[in-house]
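# Breakdown of the fold
Take a look at the letters that make up each chain.
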Amino acid sequence: MAAFSMAIVAILLLLLGIIIGVKLGGELAKQCVTRKEYWIANLKIIGVGVVVSALVTATGWLLLAGIPIGGMAGAVAALKMDFGESVGPWKAHDTFFRVNKDQVRRAGSPQAEAVRRARRDNKPVPEVISVQDDSAQDEKSDPGASN
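Remember, it's a predicted structure, so these values are computed and weren't measured experimentally.

### Section: the side chain of asparagine 42
Mapped onto the elements of the fold, asparagine 42 is located in helix α2 (residues 35–59). Residue classification places asparagine 42 among the buried residues on the basis of a relative accessible area of 9%.

### Details of the packing of aromatic side chains
Enumeration over the complete set of coordinates arrives at two aromatic pairs. An angle of 75° between the planes, with centres 5.2 Å apart, marks the rings of tyrosine 38 and tryptophan 39 as edge-to-face. Assessed through its relative accessible area of 1%, tyrosine 38 is described here as buried. Assessed through its relative accessible area of 35%, tryptophan 39 is described here as partly exposed. Ring geometry for tyrosine 38 versus phenylalanine 83: centroids 4.7 Å apart, planes at 35°, classification tilted. Taken as a pair, tyrosine 38 in helix α2 and phenylalanine 83 in helix α3 (residues 66–83) lie far apart in primary sequence, 45 residues in all. A relative accessible area of 0% places phenylalanine 83 in the buried class. Linked through ring pairs, Tyr38, Trp39 and Phe83 together constitute an aromatic cluster.

Calculation rules
- Residues numbered from 1 in each chain as written.
- Predicted model: local features only at pLDDT ≥ 70, side-chain atom pairs only at ≥ 80, totals over all residues.
- Heavy atoms only, no water.
- Helix = DSSP H or I, 4+ residues; strand = E, 2+ residues; numbered from the N terminus.
- Buried < 20%, exposed > 50% of the residue type's maximum accessible area, 1.4 Å probe, protein only.
- Phe/Tyr/Trp six-rings, centres within 6.5 Å; stacked < 30°, edge-to-face > 60°.

All quantities given are derived from atomic positions and should not be read as evidence of function.
This is the structure:
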């Protein structure tokens, strides 16, 4: 019975780690503008996670191992989603499974970095789509159509 209760506590600590990781990954994503900064943030997540996991293992409190493992998983996932574009292996994953189509599209956009920089600096996001009125264009091309 004690083993079952310890397993439940371990799972709860893993979920706690995921929740903490999602929050940290979201905060890191706000600071990432370029793909290079994105990959550096990923390396920071993995590096800190490995060090904390090693400390947990060294102390012998293996029940707490779920916190850094879940933290790394949550932070990497949140960083990917909040970065706003499919990068590296995520692009192949998103294309294969046909998910996050907007992120795959933005990955090829030359304006994606400007949008992320504006979001980070709390400035108006630059316009990335045309706002031309199609009805005005139709009237110019065929002025006799309304008669």
